[in-house]
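Fold and geometry: a report
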Amino acid sequence: MIIKDAQFICSNTQVDKCPQTNLPEYAFIGRSNVGKSSLINMLTNRNKLAKTSSFPGKTQLINHFLINESWYLVDLPGYGWAKVSKDSREKWGKMIRAYMRLRTNLICVFVLIDSRHEPQASDLEFIELLGALEVPFVLVFTKTDKQSAVKTDQNIAAFSRKMRETWEELPQIFKTSSAEKAGRDEILDFIDATNKQ
Ligand code: GTP
Ligand code: MG
């Protein structure tokens, strides 16, 4: 797919203020600093479309981007950062649950997982929440440029083993590096194949 046009539309804390639309929507979520905003920039080939930072917690709102005037990418705030207050964590939970329940145009959630680490409880818990809410999702293992391909595959295998403890079927898995622009075609092909209505 060729991205001809990518526009920032709006940022919201309230789901009912998000664009009222039937256009297909794809959301990006994962632990703070996993590389959600960077991946959106890499996919759209726009350096500064989504705001990135080396400091966790940069994205705090639900951000809608309209692509080729025909579908939305959504950058969501991350979870799992230890320094976040209980109050903020509860607000995040409410907002994300509402987002997942109310966006009837949501086709798929991309759950980003840092490929450098062993399986993390916060990722596994978030995936359980998506399962409970019956939201379709795929996994994206990010930052693969940061270690060897062997290490990446070991960490993905460990994560898959953990998931098999509770899931009968494993979701589709992508590997990406925003630094090296790896995994772009695979994700865009997936979006292309799933957003024909
Ligand atoms: P929050 O909005 O804070 O939840 O973070 P985020 O998940 O949107 O992460 P963001 O895209 O802001 O990236 C966090 C940091 O990781 C930045 O310093 C990025 O440059 C870096 N980063 C993201 N993706 C990659 C990658 O594929 N490779 C490398 N080497 N660094 C990356
Ligand atoms: Mg972000």
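Residues numbered from 1 in each chain as written. Chains lettered and ligands numbered in written order. Predicted model: local features only at pLDDT ≥ 70, side-chain atom pairs only at ≥ 80, totals over all residues. Heavy atoms only, no water.

**With respect to the overall build of the chain**
Along its length, the chain carries 5 helices and 7 strands. Relative to the compact-globule value of 16 Å for 197 residues, the chain shows a C-alpha radius of gyration of 16 Å, a close match. For the C-alpha atoms alone, the extent of the chain along its principal axes is close to 40 × 40 × 35 Å. Counting all 197 residues of the chain, 49% fall into the buried class. For the chain, long-range pairs separated by at least 24 residues make up 75% of all intrachain contacts whose partners lie at least 6 apart in sequence. (Helix = DSSP H or I, 4+ residues; strand = E, 2+ residues; numbered from the N terminus. Rg over C-alpha atoms; globule rule 2.2 N^0.38 Å. Buried < 20%, exposed > 50% of the residue type's maximum accessible area, 1.4 Å probe, protein only. Contact = heavy atoms within 4.5 Å.)

**Notes on the coordination of the magnesium ion (ligand 2)**
Those donors, S37 (OG) and T59 (OG1), are the protein atoms that reach the magnesium ion (ligand 2), and they lie 2.0 to 2.2 Å from it. With S37 in helix α1 (residues 36-44) and T59 in the loop between α1 and β3 (62-67), this pair connects stretches of sequence that are 22 residues apart. Each member of the pair, S37 as well as T59, is classed as buried. (Donors = N, O, S within 2.8 Å, 3.2 Å for Na, K, Ca; no water.)

**A word on the packing of aromatic side chains**
Inspection of every chain in the model, using the stated rule, returns 13 aromatic pairs. Ring geometry for Y26 against W71: centres 5.9 Å apart, planes inclined by 85°, an arrangement best described as edge-to-face. Here the residue Y26 occupies a position in strand β2 (residues 25-30), and W71 occupies one in strand β4 (residues 71-75), the gap between them amounting to 45 residues. The same class applies to Y26 and to W71, which are both buried. Measuring from centroid to centroid gives 5.8 Å for F110 and F190, while their planes differ by 80°, and the two rings are edge-to-face. Of this pair, F110 sits in strand β5 (residues 106-114) while F190 sits in helix α5 (residues 184-194), and the two are 80 residues apart along the sequence. (Phe/Tyr/Trp six-rings, centres within 6.5 Å; stacked < 30°, edge-to-face > 60°.)

**What to know about the pattern of salt bridges**
For the structure on display, the rule yields 7 salt bridges. In this structure, the salt-bridge partner of D87 is K91, at a minimum N-O distance of 3.5 Å. A residue pair is termed a helical-turn pair when its members lie 3 or 4 positions apart in one helix, as D87 and K91 do in helix α2 (residues 86-102) at 4 residues. Exposure remark for D87: the relative accessible area of 46% places this residue in the partly exposed category. You can call K91 exposed: its relative accessible area is 55%. Among the salt bridges present, the one from K175 reaches D153, with a minimum N-O distance of 2.8 Å. Taken together, the residues K175 in strand β7 (residues 173-175) and D153 in helix α4 (residues 149-164) connect sequence positions 22 residues apart. Its relative accessible area of 43% is what places K175 among the partly exposed residues. (Salt bridge = Lys/Arg side-chain N within 4 Å of Asp/Glu carboxyl O.)

**Description of the site of ligand 1**
Around ligand 1 there are 21 residues in total, and K36, S38, G57, T59 and S178 lie nearest to it. At 2.7 Å, a backbone N or O of G57 approaches an oxygen atom of ligand 1. Summarising the interface, the protein chains cover 86% of the accessible area of ligand 1, which totals 650 Å² for the free molecule. Of the residues contributing to the shell around ligand 1, the split by class is 3 nonpolar, 13 polar and 5 charged. (Near = heavy atom within 4 Å. Polar contact = N/O pair within 3.5 Å; in protein donor to acceptor, adjacent residues only side chain to side chain. Areas by Shrake-Rupley, 256 points an atom, 1.4 Å probe, with all protein chains shown as cover. Nonpolar A, V, L, I, M, F, W, Y, C, P; charged D, E, K, R; others polar.)

**Section: the packing of α1 against α5**
Where α1 contacts α5, the axes come no closer than 10 Å and their chain directions differ by 80°. Taken as axis vectors, α1 and α5 run roughly perpendicular relative to one another. Residue-level inspection shows L39, M42, L43 and T44 of α1 in contact with α5, the latter providing R184, I187 and L188. Class assignment for the residues of the contact of α1 with α5 results in 5 nonpolar, 1 polar and 1 charged. (Axes fitted to C-alpha atoms, helices over the stretch in contact; angles between N-to-C directions. Parallel < 35°, antiparallel > 145°, perpendicular 65-115°, else oblique.)

**Digging into the environment of C18**
By the secondary structure assignment, C18 is in the loop between β1 (6-12) and β2. Relative accessible area serves as the criterion here: at 2%, C18 is assigned to the buried category. For the pair C18 and N63, spaced 45 residues apart in sequence, the C-alpha to C-alpha distance is 8.7 Å.

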